[in-house]
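Fold and contact review
What follows is each chain in one-letter form.
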Amino acid sequence: MEALLPILGAILMFWFLSRLNHSGDDSPRANARNNDAVSSEPNNGQRSSALLKDLEASKKAIDTTCVEANELNEKEQEEKSSEVEGEAEESARSVDRNFLMSFLRGEAEYRHQPRRMERFAFGEKIRLGDVVNFLVGCDLSKNLTGLSICRTNIIGSIDETRFVKGNNEICNYDLLSSVTYLNNEGELLPLTGENVTLSLTRNDGLPIVLFVRNHQMTPDVLYLRVYSMVGRTNANDDKHTWQSRNLAALDSTLLCCRASSNNLEDWWRFYQAMENRTIDNIQHGKPLKGLQYAVCEGMFGRVTTSDYIDCGNALCRQSKYYDAQRQYERAIHALDNPSENFKHGDSYGAINFRMVPCLVSTHDKPRAFHFMDIAYFFNSTILFDYIVVSADLADYRTMPLLEQHRDELEECEAKIIECTYQASLTKLRKVLTEDASFLTLGFILHHLLRVNSYNIVSMCVCCNGNDGYTYDVVYDRDKLWRYKFQNLLHDGNTVVLRYSRACYQCGDMDDDKSDHCHDNSIIIQVNAIEDSDLFRIDVSVPGFQNDPNIISDSYGKFSDYKSFVISSKPHEYDFSKSAEEIMTEVGSLYNKEMTHAVESMLGLYHVYLSLLVDFDTLSEDRKFMCLDAAAKIGSCYMELNLPEVANYFLDVGYESCNLNNMMEYINCLVETKDARAMSIVDKQLIMQIDAPDQIKSAWRAFLKRRKAYILIDWGQVAEAKEFLSTLLDDPLCKDYAKRELSWLSMKEKNQ
């Protein structure tokens, strides 16, 4: 029977996914988890009305921003074509609609950059030296000493690896020739799926990494996106991971070059007319039409958060879960007012709920639980769905929760939860037998970038040596995933991974039919920290070609970026040792003096999972150790700037009732502007803890300071000032209250 559990669990999870994908449209059953949660219909006069509208309205069909033109039916195509003719009398040529969309999107993005390079004429070279000077610093190109070129193509194979010496040759390298070619008729055409990673050494600092790819292409105009990443570590590196002064400098620019010698005056007039109409419609609250969406996306992405939600809903209906996930992430990122999110909890919870099937499908279960937890908090999901996600994680709270609410569930629902939980435990036991005791490339990719092994197609290690670069290419996915990370640690190394989220390039994506996020790369730059045995590792992901809109401005135009510090000989564990011994080793790696988060996580995960699979039979001390390991995993994720994953593990650790772990969880909620933070802090303030009076006082003072911070952060200034005034009589809060009141007073005077 035990051997059948994984199969049965997979079948039940498939059923659950299909149910989960549609259950967000049902009226949720009431649950009793949060009696204090407040929800109300958004007021049209409030700022949030445009963001937190009733999501039942989001079932309507979406515009062409979400569905490619070739997915429209013939009638819609005819309507759009006639619309284009009516809108674009300025255009003297008949051009394929896809080309028009590409041109308008690319031209809008090119024109509306904060700064841009001049257009390149037909036949003109795009000199590498000029681009480096523009992106990194004036006249910096004169200090370049070496150039490593790594070109990969659409199927993941390596087209070219070579090293160029000599400053003149490096500066004159033509970026255009690396991503285009001339056909027999002399037409300039793109090399489809071609990505180029350039590693540049220099005599005045750390290497510069550039990434080049085609962005938009029309018969007469080509747009190229160039990304740059420059490490900033030195002897004064603060050794921290994310909140560091030594993070890499990230930048990008969109280049425009003529792809033919044709007169383009008609194109420029056509674009200007479309931009004028687009801006006029936006300013007057009119709906955008047809090609105006392309102009809008190029200028600043979608107009409203509801556009992202509509787009995500349409993609979910097509089983394109990762593509939908990126749209929902943008919507949630735009909802940055936690006070309004709390007031309109029903709508906010429903948006979070829609992330869950996407993350379950892409095997990002801790993040799935985080969003489900928010949805459940705001009564935006049903009890069964909530417990199933918990069961899929083998969360120790699953079975007690099931027993507590068994009378509220159907018999078949309870059976599904039990089978899912047992299947998850079986999977974890198998994982434990396969765990590597050393850091692998796969461990880092999965935990930092939430990437699965099937998303990686190939790897090229560009090894920096005294005589230039040498290259090690790996195509075997299993070998790549288990590649020992220590073997990559050499000063100046650049690792280029071919990366895709598209079902036709990834063989094991189950039911996910995503196809937007393909033909990309993950770039890992290795830099030694002076006068130490440490390396700073910068990991960056350029924007996807067919999904270039970013989710967060914190990465520039990069889709993702992570940075961490690691020992030159990363710590290796002996998993035959006891959990207590491993926790002691972890403590020497992650403390106030050093934050080797990645090395620590390897040991913490092993302790957590090995105890979790037998949680019900453990002694109280070992149960505490399991929860403590979870809390420390959460702290590592916070250090690595992965707050959603951190939230899940800190939530597990919160149950340990250890005050340090509880403080970490509350800090995570507050710092990430979680809409649940105020309610959770208020509940803790009225609860009593079993501890000495001195600790009780310190705990309550911590909660009061956190509440004051939340009130200020949520923009409730009057309430904050009143509450801070009450803290002036508390010796443990007095200095904090004075400082915050002074800051608020200064802020009011400056307004």
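Criteria and thresholds
- Residues numbered from 1 in each chain as written.
- Predicted model: local features only at pLDDT ≥ 70, side-chain atom pairs only at ≥ 80, totals over all residues.
- Heavy atoms only, no water.
- Helix = DSSP H or I, 4+ residues; strand = E, 2+ residues; numbered from the N terminus.
- Buried < 20%, exposed > 50% of the residue type's maximum accessible area, 1.4 Å probe, protein only.
- Areas by Shrake-Rupley, 256 points an atom, 1.4 Å probe, with all protein chains shown as cover.
- Expected span 1.5 Å × (residues − 1).
- Pairing = 2+ DSSP bridges.
- Phe/Tyr/Trp six-rings, centres within 6.5 Å; stacked < 30°, edge-to-face > 60°.
- Lys NZ or Arg CZ within 6 Å of the ring centre and 35° of its normal.
- Axes fitted to C-alpha atoms, helices over the stretch in contact; angles between N-to-C directions.
- pLDDT = per-residue confidence, 0-100.
- Contact = heavy atoms within 4.5 Å.
- Parallel < 35°, antiparallel > 145°, perpendicular 65-115°, else oblique.
- Nonpolar A, V, L, I, M, F, W, Y, C, P; charged D, E, K, R; others polar.
- Core = buried A, V, L, I, M, F, W, Y, C linked by side-chain atoms within 4.5 Å.

1. What to know about the overall build of the protein chain
From N to C terminus, the protein chain includes 27 helices and 14 strands. Classification of the 751 residues of the protein chain by burial places 59% in the buried group. Taken as a whole, the protein chain presents about 31,700 Å² of accessible surface, with 48% of it coming from carbon and sulfur.

2. What about helix H3 (residues 97-111)?
The α-helix advances 3.6 residues per turn, and as a result positions three or four apart in sequence lie on the same side. The first and last C-alpha atoms of H3 sit 21 Å apart over 15 residues, in line with the 21 Å expected at 1.5 Å per residue. Among the 15 residues that make up H3, 12 are buried, leaving the element largely enclosed by the rest of the structure. Regarding H3, the residues found buried are Arg-97, Leu-100, Met-101, Ser-102, Phe-103, Leu-104, Arg-105, Gly-106, Glu-107, Ala-108, Glu-109 and Tyr-110.

3. What about the pairing of strand E9 (residues 456-465)?
Most of E9 is tucked away, with eight of its 10 residues classed as buried. Taking the residues between adjacent antiparallel strands as the criterion, E9 and strand E10 (residues 468-474) are bridged by two residues.

4. Overview of the packing of aromatic side chains
Inspection of the entire model under this criterion finds 28 aromatic pairs. Every member of this aromatic cluster is reached through a ring pair, and the members are Phe-369, Tyr-376, Tyr-386, Phe-443, Tyr-605, Tyr-608, Tyr-637, Tyr-648 and Phe-649. Its guanidinium or amino end placed over the ring of Trp-268, Arg-119 lies 4.2 Å from that ring's centre, counting from NZ or CZ. The cationic tip of Lys-707 hangs over the ring face of Phe-723; the distance from NZ or CZ to the ring centre is 5.1 Å.

5. A closer look at the sheet that holds strand E11 (residues 494-499)
Pairing in this open sheet of six strands is antiparallel, and the strands run E10-E9-E11-E12-E13-E14 from one edge to the other. Strand pairing shows two members of the sheet lacking a second neighbour, E10 and strand E14 (560-567), which therefore form its edges. Ignoring strand direction, the axes of neighbouring strands in this sheet form an average angle of 15 degrees. Here strand E13 (residues 534-541) runs beside E14; their pairing, made up of eight bridges, is antiparallel. Residue pairing in the sheet places Ser-540 in a bridge with Tyr-561 of E14.

6. Considering the confidence of the model for the protein chain
Residues with a pLDDT of 70 or more make up 85% of the protein chain, whose mean pLDDT is 85. Taken together, the stretch residues 1-93 has pLDDT below 50 and engages in 173 contacts with residues farther than four places along the chain or on a different chain.

7. Details of the pairing of strand E7 (residues 221-230)
Among the 10 residues that make up E7, 10 are buried, leaving the element largely enclosed by the rest of the structure. Summarising the sheet, strand E6 (residues 205-217) and E7 pair through nine bridges and their orientation is antiparallel. Residue pairing across strands places Asn-214 opposite Leu-224, the latter belonging to E7. Counting the residues between successive antiparallel strands, the hairpin from E6 to E7 contains three residues. Pairing between E7 and strand E8 (residues 249-258): 10 bridges, direction antiparallel. Bridge pairing in E8 links Leu-222 to Cys-257.

8. A few points about the packing of helix H13 (residues 365-377) against helix H22 (residues 643-654)
Two elements in contact, H13 and H22, have axes separated by 8 Å at closest approach and are oriented at 80 degrees. Here H13 is positioned roughly perpendicular relative to H22, judged by the angle of their axes. Two secondary-structure elements touch here, H13 through Pro-366, Arg-367, Phe-369, His-370, Phe-371 and Asp-373 and H22 through Glu-644, Val-645, Asn-647, Tyr-648, Phe-649 and Asp-651. Split by residue class, the contact of H13 with H22 holds six nonpolar, two polar and four charged.

9. Some details on helix H9 (residues 305-317)
When the terminal C-alpha atoms of H9 are compared, their 19 Å separation across 13 residues agrees well with the 18 Å that a helix rising 1.5 Å per residue should span. Most of H9 sits out of view: 12 of its 13 residues are buried. Taken together, the buried positions of H9 are Thr-305, Ser-306, Asp-307, Tyr-308, Ile-309, Asp-310, Cys-311, Gly-312, Asn-313, Ala-314, Leu-315 and Cys-316. Positive phi shows up at Ser-319, right after H9, with a value of about 60 degrees.

10. With respect to the nonpolar core
The biggest cluster of nonpolar side chains holds 154 residues, and the ones touching the most others in it are Leu-441, Phe-485, Leu-497, Ile-522, Ile-537, Phe-564 and Tyr-608. In terms of residue count, the dominant contributor to this core is helix H20 (residues 597-612) (11 residues). When near neighbours in sequence (up to four residues on either side) are disregarded, Ile-537 contacts Phe-485, Leu-489, Ile-524, Gln-525, Val-526, Lys-562, Ser-563, Phe-564 and Ile-566.

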